[in-house]
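Descriptive analysis of the structure
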Amino acid sequence: MHSFLSRGNAIIAYSLSVLALLTFFCFLSTEFLDYRAKAKISTPKILVKNVPDYSASRRENDLGYLTFDLQADLTPLFNWNVKQLFLYLSAEYSTPNNALNQVVLWDKIILRGENALLDFKNMNIKYYFWDDGHGLKGNPNVTLTLSWNIIPNAGRLPIIQSIGSHSFKFPSEYTTDRL
Amino acid sequence: MIVSSALMIWKGLMVVTGSESPIVVVLSGSMEPAFHRGDLLFLTNYQQEPVRVGEIVVFKVEGRDIPIVHRVLKLHEKKNGTIKFLTKGDNNSVDDRGLYAQGQLWLTNKDVVGRARGFLPHVGMVTILMNEYPKIKFAILAFLGLYVLVHRE
């Protein structure tokens, strides 16, 4: 009746269902929280060049370059069900070629317990700002936004945009000298 | 009975989520520290919600049987709504052009299996163990079979 196997089976089944229930409560406890926050972005330096894109078509495409300042306090976003924040700064604009272009310029991973008070001055972008053609020169409206993807211990994977974005325009002449 | 209800649940999930494979197991460390090997992802693939930058997509590449789970880095959308995008793994230092099929520069909607919406850690380790060590799978099956035969009341 109470063999070794049946006892083992009962213990494993019971602990698995308790674990599942605890995980579910962990998910429920943070599901309805507000993960929005403010960010302040500005761009001290903006250039545009026209060079061959060897990573893609080898045709000459517009290559944007900028540095940015970023201030944001993301400390309040962390709780027991936030394992990691994936932060990314993206540029959004439209060109005659494409109705919508989105390019990630910079990203950062913040684990729980790491410093989440951001204050960057004159940061270089991490990825090349290639356009799909010649839509950057003189582009009047490029919007920079900071967004974050919340990676929980268990639960949904929401993407949230910061409150506060920054719009700028590109110069109407190409820069020919080296960056 | 169990097999047929499992199949019904799977097919039902496919209809509800619009994805051909609504639950996937992460097989590589290219998205660490967000996803580790053996974590479980729940996917949806609604056509009316277009792919956007920063989302985690699961996509198939010609010539590779295993779908890849990576994040969208760049996206261009034409006026008629067709999109092309480039992906990158959080833990990789370069984008995915080297992983795509020869000569392929962009992914499009038809490559997408789904978008990651939910996350459950470690649960998929069971399937990884069973696939990598088939002996475990056979041992479990044999044990269960014996158990059923012996414990008939």
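Just so it is clear, the model here is predicted, and its values are computed rather than measured.

Right, let's get into unusual backbone geometry. Following glutamate 32 of chain B, the chain continues into proline 33 of chain B via a peptide bond in cis, with omega recorded as 5°. Here proline 33 of chain B lies in the loop between strand S1 (23-25) and strand S2 (40-44). In this model, asparagine 122 of chain A sits at a positive phi of 55°, which is unusual for a non-glycine residue. With respect to the helices and strands, asparagine 122 of chain A occurs in strand S5 (residues 117-124). Its identity is not glycine, yet histidine 122 of chain B carries a phi of approximately 65°, on the positive side.

We now examine the UniProt feature "domain: Peptidase S24/S26A/S26B/S26C" (unreviewed entry) in chain B. Here the UniProt-annotated "domain: Peptidase S24/S26A/S26B/S26C" (unreviewed entry) positions come out as residues 11-98 of chain B. With 8% helix and 32% strand, residues 11-98 of chain B has its two end C-alpha atoms placed 34 Å apart.

Right, let's talk about the layout of surface pockets for a bit. Residues and elements named next belong to chain B. Taken as a whole, the largest pocket encloses approximately 460 Å³ of empty space. Forming the boundary of the largest pocket are 19 residues, of which Val25, Val26, Leu27, Ile66 and Pro67 lie nearest the centre. Secondary-structure elements contributing two or more residues to the lining of the largest pocket are S1, strand S4 (68-77) and helix H2 (125-132). Sorting elements by how many residues they give to the lining of the largest pocket places H2 first, with four residues.

It is worth spelling out the nonpolar core at this point. Soluble globular proteins: nonpolar side chains tend toward being buried together. In this structure, Leu70, Leu74, Leu85, Leu105, Phe129, Leu146 and Trp148 of chain A are the most contacted members of the largest nonpolar core, which totals 36 residues. Elements with a minimum of two residues in this core: strand S1 (39-52), strand S2 (60-73), strand S3 (84-93), strand S4 (100-111), S5 and strand S7 (142-151) of chain A. Every residue in contact with leucine 146 of chain A, bar those within four places of it in the chain, is listed here: Ala39, Ile41, Leu70, Ala72, Tyr88, Leu89, Trp106, Ile160, Gln161 and Ser162 of chain A. One finds Val104 and Tyr127 of chain A together with Ile68 and Leu86 of chain B within the second-largest nonpolar core, a separate group that totals 21 residues.

About the cut-offs
- Residues numbered from 1 in each chain as written.
- Chains lettered and ligands numbered in written order.
- Predicted model: local features only at pLDDT ≥ 70, side-chain atom pairs only at ≥ 80, totals over all residues.
- Heavy atoms only, no water.
- Helix = DSSP H or I, 4+ residues; strand = E, 2+ residues; numbered from the N terminus.
- UniProt positions renumbered as here; feature names shortened; annotations may be inferred.
- 1 Å grid on protein atoms, 1.4 Å probe; cavity = no way out; pocket = protein on both sides within 12 Å on 5 of 7 lines; lining within 4 Å.
- Points joined across faces, edges and corners; volume = space filled by probe spheres on them.
- Core = buried A, V, L, I, M, F, W, Y, C linked by side-chain atoms within 4.5 Å.
- Buried < 20%, exposed > 50% of the residue type's maximum accessible area, 1.4 Å probe, protein only.
- Contact = heavy atoms within 4.5 Å.

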